[in-house]
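Secondary and tertiary structure notes
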Amino acid sequence: MPGKRSAGMSPRLPGKGAAGAISQALSAASAAFNRGDRAQAGAILQQALARYPEQPELLHLAGDLSLASGDTQQGIELIRRAIKRAPQVALYHYHLGNAHSKRNELHEARDAFQQAVRRDPRMKEAVENLAVVQVRLRNLRQAETLFGRAVALDSKDPKAWLNLARVRMELRKVRAADEAIQHAAALKARADPDFLHEAALIYQALGALDKAEQALRKGLEAAPQDLRLTYTLGTVLRMAENYGEAERLLRRVCEADPQAFPPRVELANLFINSGEVGKGREQLQAILDGGARDPGVLLKVAATFALIGDFDRQEQVLHGILQTAPNNLAAQMQLAFVPHRQLADSQVGVLEKAIQDPAVKPESRSRMGFALGNHYRNVKPVSYTHLRAHET
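This text gives an overview of the structure that appears in the document. (Residues numbered from 1 in each chain as written. Predicted model: local features only at pLDDT ≥ 70, side-chain atom pairs only at ≥ 80, totals over all residues. Heavy atoms only, no water.)

Digging into helix α16 (residues 277-289)
Across its 13 residues, α16 extends 18 Å between first and last C-alpha, which sits within 8% of the 18 Å expected from 1.5 Å per residue. Looking at α16, one finds that the buried residues are Gly 280, Gln 283, Leu 284 and Ile 287. Along the axis of α16, the buried positions cluster into a sector of 95°, meaning they face one direction only. Turned more than 90 degrees off the buried face of α16, the exposed positions are Glu 282 and Asp 289. Next to the buried residues of α16 lie α14 (243-256), α15 (261-273) and α17 (295-307). Trailing α16 by a residue or two, Gly 291 shows a phi angle of about 85°, which is positive. (Helix = DSSP H or I, 4+ residues; strand = E, 2+ residues; numbered from the N terminus. Expected span 1.5 Å × (residues − 1). Buried < 20%, exposed > 50% of the residue type's maximum accessible area, 1.4 Å probe, protein only. Arc of directions from axis to C-beta. Contact = heavy atoms within 4.5 Å.)

See below:
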């Protein structure tokens with residue numbers, strides 16, 4: 001029995017026909033890949049491709065290896081070569097779609113997943129990934145149809161039903177989303193805190209706060225110490241104006257994790273909503289003093305300062321975000337709506353580019369258009385003679 005090869009050894013391929021050599025190379029490289037020995041897998045594939053440079057299975061596996069190693073561009077090129085030699089293989093198109101999706105190349109990812117589904121309509125993973133890309137492109141009705149197909153392919157998969165519920169939530173189909181959640185729940189033999197939390201988030205987004213609360217309390221019965229469930233229940237109860245219990249739950253999360261800034265944002269909003277603006281301001285300042293760096297948290301802090309009319313502090317926080325992330329679109333958009341403030345040229349450029357991006361939600365594009373419209377009305381018109389000077 002041959003000894004186990006190390007990554008530094010040069011693998012030898014058998015000489016008994018191309019089919020046998022390719023099969024053995026694929027088997028050996030796959031085994032090395034699966035046990036995490038990427039160097040050995042790469043060495044096997046490199047030697048095999050030197051002899052059979054256009055063999056599609058070798059190219060595909062080499063592409064997968066490149067993707068796993070972080071070289072997305074080489075991975076895409078190798079898989080494209082495999083597709084050129086064997087365009088009928090759905091799996092190659094599927095992996096190409098995953099690579100483009102990872103690089104946020106949504107149109108290319110969509111095209112690749114569509115090719116995979118066309119060649120194998122029963123490949124559930126490709127159907128679901130195509131649906132996810134359509135969501136990101138804001139093609140929500142197409143996404144709903146695709147998630148429905150995924151459910152039809154495996155009606156026993158609760159995650160598939162939850163995906164369908166999420167897209168129906170975005171389409172504001174309240175009853176249909178609830179039906180999908182109920183289908184998913186029926187497939188759960190016991191209380192699953194993760195599932196109940198996901199269901200609660202969907203109900204919360206739909207405004208069905210009573211159902212969200214019910215799911216979260218059921219989850220906490222199964223996992224009483226789950227801070228994620230505790231925090232989300234606190235936010236739901238704040239929205240339902242049950243301020244006393246909401247404060248107790250949010251404080252419990254803050255005490256368990258002093259660096260948990262989102263619960264402090266919720267506490268700030270709770271105090272403001274209940275008329276205790278001073279306490280709300282103290283929570284916001286505690287977040288900033290605690291060294292919060294997450295842009296999502298800071299955006300909420302800025303928006304909460306705006307809620308109490310402290311636009312100077314809102315602007316300071318937003319500028320802090322943009323110092324480290326100049327292209328943060330959410331910060332640029334919020335800054336565009338600070339009262340009595342003119343947009344900077346850099347902001348105008350970011351917003352003009354983003355408004356053309358189909359992946360940006362329609363409501364966000366509408367807000368950008370409103371901000372840009374205000375800007376264009378307020379800027380000083382360029383004179384005709386100034387334009388002529390540039391032409392000459």
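With respect to the packing of helix α2 (residues 38-51) against helix α3 (residues 56-68)
For the pair α2 and α3, the least separation of the axes is 10 Å and the interaxial angle reads 150°. Like other packed secondary-structure pairs, α2 and α3 cross with a definite hand, here left-handed. In contact with Arg 38, Ala 41, Gly 42, Leu 45, Ala 48 and Leu 49 of α2, α3 contributes Leu 58, Leu 59, Leu 61, Ala 62, Leu 65 and Ala 68. Grouping the constituent residues of the contact of α2 with α3 by class yields 10 nonpolar, one polar and one charged. (Axes fitted to C-alpha atoms, helices over the stretch in contact; angles between N-to-C directions. Left-handed = near helix turned anticlockwise from the far one by under 90°. Nonpolar A, V, L, I, M, F, W, Y, C, P; charged D, E, K, R; others polar.)

With respect to the packing of α17 against helix α18 (residues 311-324)
Contact geometry for α17 and α18: axes closest at 7 Å, N-to-C directions at 165°. On the basis of their axis angle, the class for α17 and α18 is roughly antiparallel. The way α17 lies across α18 gives a crossing that is left-handed. Together, Pro 295, Leu 298, Leu 299, Val 301, Ala 302, Phe 305 and Ala 306 of α17 and Phe 311, Arg 313, Gln 314, Val 317, Leu 318 and Ile 321 of α18 make up the contact between the two elements. The residue makeup of the contact of α17 with α18, split by class, is 11 nonpolar, one polar and one charged. (Parallel < 35°, antiparallel > 145°, perpendicular 65-115°, else oblique.)

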